[in-house]
Every structure is written in C-alpha cells, then in structure tokens.
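Coordinates in review
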Amino acid sequence: MAGRTPPPSNRSGHSSGASSRAEGKTTKRVRASLDQMHTRLIGVGLGFMLLFSLVAAKLSLATVFMPMAPEKRQIASQVPEIPKSDPKGQVAGDFSLPDVHRASIVDRNGQTLALSLPVAQVYANPMELIDAADAAKKLKSVLPQLDEAETTRRLSLKKQFVYIARDISPVQEIAINNLGIPGIYFEASERRHYPLGRTAAQILGGVDIDDHGVAGVERYFNERLNKDRTPLRLSLDVRIQAVAREVTQAAMDEFQAIGAAAIVMDVNTGEIISMVSLPDYDANEFGHAPADARFNRAVTGMYEPGSTFKLQTAAMAIEYGVAHIWDRFSTIPIHIGRFTISDIKTDHFAPWLALPDVLAKSSNPAAAHIALDVGAKRQQDWLRTMGFFNRVPIELPEAGRPIVPSSKNWGISTVMTVGFGHGVAEPPLSIVRGTAATVNGGILIKPTLLAREQDDGTNAATDQAPGNASPPPTGNAGSQDGALNTAPATTQPAHAPVVPAAFKPDADASSDAPAPPPIPQGERVVSEENSKLIRKMLRLDVTQGTARSAEVPGYFVGGKTGTAEKVGPNGRYLKHVNISAFTSIFPMNAPRYAVYVMLDSPHPTPKTHGFVTSGWNAAPTTGKLIARIGPMLGLFPDTKNAARIDAEMAIPLEPGIPAGRRALGPGNDPGDPRIAAQKEEAEKKAAKAAEKAAKLAAKAADRAAHHTPERG
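Residues numbered from 1 in each chain as written. Predicted model: local features only at pLDDT ≥ 70, side-chain atom pairs only at ≥ 80, totals over all residues. Heavy atoms only, no water.

1. A short note on a positive patch on the surface
Together, R21, K25, K28 and R29 make up a region of like positive charge exposed at the surface. Of note, R29 is situated in helix α1 (residues 8-65). (Patch = residues over 30% accessible without salt bridge, like charges linked within 9 Å, V, L, I, M, F, W, Y side chains within 5 Å. Areas by Shrake-Rupley, 256 points an atom, 1.4 Å probe, with all protein chains shown as cover. Salt bridge = Lys/Arg side-chain N within 4 Å of Asp/Glu carboxyl O. Lys, Arg positive; Asp, Glu negative; His and termini not counted. Charge placed at Lys NZ, Arg CZ, Asp CG, Glu CD. Helix = DSSP H or I, 4+ residues; strand = E, 2+ residues; numbered from the N terminus.)

Okay, here's the thing in structure tokens:
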C-alpha cells in the first residue's frame with residue numbers, strides 16, 4: 001500500500017481545473033483595472049475639459065465680452081470714444097471730442113474754426129528693450145518719417161526715458177501698440193487744428209507746443225479755452241469772411257498792392273462779421289508763417305487815414321455848432337512855411353464850397369479851414385472821445401496804439417493836417433468804429449469778436465472801455481434848420497459783459513419780415529439829428545462825389561474815400577506810394593453794416609487812367625463786396641422804393657442860406673489860417689506880457705515888504 005501512487009488521469013484533470021480558475025481570476029482583475037483606468041481617464045479628461053472650458057470662457061470674457069482696459073500710460077487714455085451722430089448738438093455748440101481739454105472755437109453759425117485733436121507722444125524706456133535695432137525697424141514701419149539710425153542710437157542709451165515721436169494719430173498709436181515692443185509707452189496729448197486753413201488766420205492766432213495761446217483769439221481767451229470746454233463762439237461769419245477775402249485778394253492782385261485789409265462790422269452791436277488782412281497764411285502753419293503774413297493790418301497796422309478823416313472833421317464841426325451845411329469854405333491852397341496844402345492838380349474846384357460839397361469833392365484846404373474853425377482844443381477832445389487816442393478795444397492782443405502828436409506840439413499846422421487825415425496814424429478798425437458812431441444815431445459802440453445774445457431782439461452790450469474824456473457838448477450844437485439844439489448829451493447805462501452764445505435758430509425763420517435792428521449801446525457822441533444829417537452827406541459822396549464807383553443799386557451805400565501818401569522808413573512821405581481806403585455804410589437809410597476796404601501801395605491800371613486814388617480802386621472793390629454779402633446778411637436790394645428813399649436821403653451840394661443867417665464864407669472866415677496865426681501870435685504875446693507884468697508886480701511887492709521908512 002505504501003508504494004501505491006494515484007492514477008495519472010485523475011491528477012491531470014485536477015491540475016487543469018485549477019489553472020483555468022486562476023486565469024479567470026486574473027482576467028477579471030485585469031478587466032477591473034482597465035475599467036478603473038478608463039473611469040479615471042474619463043474623469044481626468046472631463047476635468048481637463050472643464051478646466052479648458054473655464055479658461056476659454058475667461059478668455060472670451062476678457063477679450064470679447066468684457067475686455068480689460070490697457071494701462072493708462074500706454075493706450076487707454078488715447079483711444080477716443082466714437083462721437084455719436086448729433087447734428088443739432090454740434091450746431092448748438094455741445095459737440096466736443098473726448099480726452100481734449102482746450103475748447104474749440106466756432107463762428108456765429110457754429111462752423112468750427114479751431115479744435116484740438118487727440119494725439120499721443122511716443123516714448124521708450126531703453127532699459128526695458130530687448131533689441132534696439134529691431135525696435136527701431138518696427139517703429140519705422142509705422143512712422144515712415146522716423147530716422148531709423150538715430151532712433152536706434154537713442155534706444156541704445158543707458159537711460160530710462162527717450163522721446164521717439166510727437167503728435168502721432170490714434171491710428172498710428174494703435175499700430176505701434178500692436179507691434180508688441182516692450183518698453184514702448186504713450187503719453188496723452190492734443191494738437192490744435194484749424195480746418196478752414198487761411199480763414200481768419202490772423203484773428204485765430206496760434207498755440208505753442210504746450211497748447212498755450214501765443215497770438216490772436218487763442219492768446220486773448222487762453223484761460224477761458226482751457227477752463228471751459230464749451231466752444232467759444234465768435235461773431236465772425238465764415239461765409240462773409242470767405243467772400244471778403246476773395247474780393248479783397250482780387251483787388252490786391254488787380255492793382256498790384258503789397259497788402260490789403262477789409263472789415264465788415266455791425267454798426268449797432270459792434271460785432272465783427274469779417275476781418276481780412278492780406279497777405280495771410282494757413283493757420284495750421286503758424287510757426288512757419290512769415291512775419292508779413294502774420295501781421296494783422298486791420299488792428300496792428302497804423303496808416304494815415306487820409307480823407308476818410310474828413311468825416312470826423314465835418315462831424316465835430318456840426319456837433320460843436322461851429323459849422324452848418326450852408327457854410328462855405330475856401331479851397332484856395334494854403335501855404336504853411338515851405339509846405340502847401342492843396343488838392344490834386346486834376347481837381348478844379350470852385351473857390352468856395354459848402355460843407356456837403358467839401359465832403360463830396362474831398363477838398364483838403366476846405367477841410368483845413370473847418371478844422372481851424374473847430375480849434376485845437378475841441379479837435380483833440382473830439383478825437384480823444386471817439387477813441388482815436390487809444391488802442392481800439394477789441395479782443396486781440398495785437399491791437400496797436402495809434403500815433404498822434406503830443407498836445408504841446410498840436411499847433412495850427414497840426415490842426416489843419418489832422419483835419420484832412422494827415423499827421424496821425426490809426427488802425428483801420430478805429431476808422432470803422434468812428435464811422436459807425438456818426439451814422440448809427442450817434443452812439444460810440446465797442447467792437448467785439450464775440451457773438452452776442454439776441455434772445456430778446458436786442459444785443460447784449462459789452463461793458464465800455466473806460467474813457468478819459470467826456471462826450472463833446474451838444475448844447476451848443478447847431479441844428480441844420482436854423483434852430484439851436486439845446487438837448488443835453490445823454491449817456492447810455494452800463495451793461496453786462498458779453499458772453500458767447502449757443503446757436504439758436506430763428507423761431508420765425510419763415511417770415512419775410514426782417515428782424516428789427518438792435519439798439520446801439522454805448523456813449524452818445526453825436527445827436528440823433530446830426531447823425532441823420534451826416535448820413536445824407538455820406539450818401540451824397542456816393543451819388544455825386546468821389547465814391548460813385550461804390551454804388552450798388554438798392555443798397556443805398558454811403559461813405560467817404562481816403563487816399564494818403566505813405567510814410568517811408570526815413571519818416572518822409574513817399575511820392576506816388578499811397579494808402580487807398582474807403583469807409584462805407586449800407587443801407588444808409590437804415591444803417592446796419594460798416595464795410596471798409598484798404599489797399600496798400602496800389603498801382604494804376606488802364607481802367608483807372610493812371611490814377612491810384614481810392615475812388616478808382618478801394619471804392620469799386622467795396623461796391624463788389626457789398627453786392628455779394630448783402631443777401632448773405634439777410635439784406636436784399638430795395639429797388640422798388642429806390643426813388644422814394646433817394647428823395648428822402650437827398651441833400652443839395654450847395655444848400656441855401658436860411659433867412660437871417662450869416663454863413664461862413666467870403667468876408668466871414670474865422671478859419672482863415674492868417675487870422676488864426678495872428679490870433680495865436682496875439683495870444684502868445686498877451687501871455688508873455690501877463691507873465692512879465694506878474695513878475696514885475698512880484699518884485700515890487702517884495703521890495704515893499706523889505707522897505708523900512710526913515711524916522712523924522
């Protein structure tokens with residue numbers, strides 16, 4: 001039994017079953033492990049999917065739906081917000097660019113004259129750059145004007161700040177930012193732009209590199225433009241400005257003048273509608289414009305007014321009551337030392353002219369006689385009151401001071417020469433202001449470049465410039481119908497300063513009835529009655545006098561021509577080199593606008609038959625200008641009532657002498673220079689005699705005070 005072994009067949013079967021069970025268990029474990037691995041992989045995959053989804057969502061929010069703003073020092077402060085389309089808001093003066101601090105300037109209708117555009121200054125920190133040469137190359141691809149070699153040198157410096165470019169546009173800024181160059185930064189800035197180029201260039205002026213005003217309106221209102229972003233609304237009308245420049249430039253070219261000026265002003269409000277000075281320049285090139293182009297001839301240029309000043313001589317004589325329209329004045333040449341006051345050789349006047357005829361024919365000796373009748377003291381008082389001794393009050397820092405003789409040098413010769421516009425130098429705007437005062441009812445208004453409020457149908461007047469003389473007396477002013485005007489002079493009350501106004505369309509724009517003219521505000525210098533008389537005499541100069549070429553049918557133009565010899569560098573008059581000017585008003589039956597045209601050193605043409613006087617050049621130029629701007633100003637020619645209006649404005653060249661009156665003239669000429677000279681000499685002798693008598697009396701009194709009588 002001990003040597004017995006199990007049967008082989010049974011052992012083999014038992015071993016095979018055990019092996020199968022072991023393999024089954026192993027398979028199950030492998031499958032379980034695989035299932036567990038798959039589950040884990042799916043979990044990890046889902047985790048990564050969720051993670052990437054969150055990252056994608058975050059990126060979408062950060063770049064598409066809710067993008068984060070860049071750093072302010074780079075580009076955030078430079079990306080302008082796109083303005084909304086709002087034409088009414090722009091016209092009303094409510095439009096302004098974002099991230100711009102200096103207010104824009106607009107004309108009276110809301111047309112932009114000056115505005116600041118958002119720009120950037122590009123700078124770099126060389127210490128943060130990786131490759132200076134590569135950075136310079138990339139920058140040049142956006143800024144073609146950049147000097148690549150110089151930029152590479154500067155970017156290689158051991159500094160933390162270097163400028164690369166100034167005043168680049170937002171498009172260029174974005175392009176540079178997209179280059180992704182580390183160490184490149186941007187600084188917010190703005191650049192002044194004048195979209196109309198040459199239009200009103202001398203009035204607008206300019207700014208420096210730091211956007212501070214250095215000339216013109218930009219300088220005068222510098223603080224206002226930097227503090228208040230509301231557009232500054234000027235009184236200018238760019239339509240009138242464009243026409244005035246075109247007409248004046250054409251005249252300057254036709255007569256080969258070296259310069260010219262034109263002014264259009266409202267005679268009731270003082271608003272400057274247009275002011276042209278030629279030659280001019282593109283306001284965007286202020287820093288590169290020549291000095292002659294930047295020179296504003298309308299307010300800075302000083303010119304002898306010539307015969308335009310005869311208007312003031314006649315006005316003061318009438319207002320002071322020393323002359324009447326029926327008085328006669330001698331046209332015979334006056335000899336003063338080695339000088340002679342006479343008319344031009346081609347003039348052949350009667351020996352004596354009445355006052356209206358003196359203005360119409362523009363006689364120098366007759367004007368000198370009138371001035372002598374007024375006298376030196378009253379002549380100076382009048383000119384001082386009219387503002388001819390001071391800078392013209394206008395919102396331009398370039399306004400110059402007139403050149404006038406001192407009171408101690410204001411002798412007989414000065415009285416006479418000033419009477420016909422020589423011996424003094426005034427800016428054209430002063431002449432326009434003085435002309436307006438004589439025709440607008442007698443009120444001396446203050447010229448202004450600011451548009452005025454007109455909500456109540458009247459102008460909001462500015463505060464008047466302080467004066468150093470009272471208005472000339474009107475109590476002794478003789479009315480021209482033989483009666484004395486005994487009404488005292490009146491002075492208008494002070495008013496609030498002018499403020500820029502937003503454009504407001506006319507509530508009754510469809511009505512054909514013209515708006516009533518505003519009431520002039522200021523100091524009365526001429527009585528209303530005498531102002532009406534002066535209007536008639538100025539109209540006479542156009543209908544029958546030296547300014548016939550200025551006539552425009554239906555506009556009833558009136559004015560005064562003026563031609564003066566130009567003063568050379570050595571202080572002497574230049575022969576055949578003149579300043580030709582014409583100061584005018586229209587319509588003269590109801591004055592609204594003053595128009596002044598001046599040509600500097602015009603030349604004769606075949607059309608002028610060799611003449612260079614203003615009746616041949618400045619006057620016709622003014623007529624062309626009025627014909628074009630009249631309808632633009634809302635004034636249309638009244639040809640239907642022309643005959644009636646002309647009859648109302650008519651005044652004879654030689655008015656009759658009222659009964660019981662003795663007119664100035666032959667045998668009654670207190671303005672005769674010989675009589676005046678004798679009177680002046682007698683006054684000097686009397687003064688010396690009085691001084692000598694006073695000294696003798698003082699000596700006698702002194703001796704009497706020190707004399708001791710002897711005792712007996």
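2. Points about the nonpolar core
Core analysis: the biggest nonpolar cluster contains 108 residues, and I105, V217, L234, M275, L383, I394 and L429 have the highest contact counts within it. Contacts of I394, omitting those with residues within four sequence positions, involve Y220, I272, V299, A399, L429, P447, T448 and L449. Core analysis: the second largest hydrophobic core is formed by 33 residues, A244, V264, L625 and L635 among them. (Core = buried A, V, L, I, M, F, W, Y, C linked by side-chain atoms within 4.5 Å. Buried < 20%, exposed > 50% of the residue type's maximum accessible area, 1.4 Å probe, protein only. Contact = heavy atoms within 4.5 Å.)

3. Here we look at the pairing of strand β16 (residues 558-567)
For β16, a buried count of seven out of ten residues is recorded, marking the element as mostly surrounded by other parts of the structure. The pairing of β16 with strand β17 (residues 573-586) spans nine bridges and is antiparallel. Across the sheet, A564 pairs through a bridge with I579, a residue of β17. Following β16, the chain reverses through five residues before pairing antiparallel with β17; G571 in that reversal takes a positive phi of roughly 85°. (Pairing = 2+ DSSP bridges.)

4. Considering the pattern of salt bridges
Summed over the entire model, instances satisfying the criterion amount to 23 salt bridges. Across the pair D292 and R297 runs a salt bridge whose closest N-O atoms are separated by 2.9 Å. The shortest N-O distance in the salt bridge between K377 and D381 comes to 2.7 Å. You can see K377 and its partner D381 sitting in helix α15 (residues 376-385), four residues apart, about one turn around the helix.

5. Let's talk about the confidence of the model for the protein chain
Overall, the predicted model of the protein chain reaches an average pLDDT of 85, with 82% of residues at or above 70. A low-confidence stretch, residues 85-94 stays under pLDDT 50, and its non-local contacts, those more than four residues away or across chains, total nine contacts. Below pLDDT 50 for its whole length, residues 481-511 participates in 59 contacts with residues either more than four positions away or in separate chains. (pLDDT = per-residue confidence, 0-100.)

6. Focus: a nonpolar patch on the surface
Among the surface-exposed residues, V44, F48, L51, F52, V55 and L59 lie close enough to one another that they form a single nonpolar patch of about 590 Å² accessible area. Looking at the element boundaries, F48 is found in helix α1.

7. A word on the packing of helix α12 (residues 310-320) against helix α14 (residues 364-374)
Viewed as axis vectors pointing N to C, α12 and α14 meet at an angle of 40°, and their least axial separation amounts to 9 Å. Relative to α14, the crossing made by α12 is left-handed. Contacts from K310, T313, M316, A317 and Y320 in α12 reach N364, A367, I370, A371 and V374 in α14. Counted by class, the contact of α12 with α14 contains seven nonpolar, two polar and one charged residues. (Axes fitted to C-alpha atoms, helices over the stretch in contact; angles between N-to-C directions. Left-handed = near helix turned anticlockwise from the far one by under 90°. Nonpolar A, V, L, I, M, F, W, Y, C, P; charged D, E, K, R; others polar.)

8. Quick word on the packing of α15 against helix α16 (residues 412-419)
Put simply, α15 and α16 touch, their axes get as near as 10 Å, and they point 45° apart. In terms of orientation, α15 lies oblique with respect to α16. As for how α15 packs across α16, the hand of that crossing is left-handed. Each of A376, Q379 and L383 in α15 lies in contact with α16, whose residues at this interface are V415, V418 and G419. Here the residues of the contact of α15 with α16 sort into four nonpolar, two polar and no charged. (Parallel < 35°, antiparallel > 145°, perpendicular 65-115°, else oblique.)

9. Details of the sheet that holds strand β9 (residues 272-278)
Reading across from one edge, β9-β8-β18-β17-β16 is the order of the five strands in this open sheet, with antiparallel pairing throughout. One side of each edge strand has no neighbouring strand; the edge strands of this open sheet are β9 and β16. Put simply, the sheet's adjacent strands are angled 10° from each other on average, direction ignored. Relative to β9, strand β8 (residues 259-266) runs antiparallel, the two sharing six bridges. If you follow A261 over to β9, its bridge partner there is S277.

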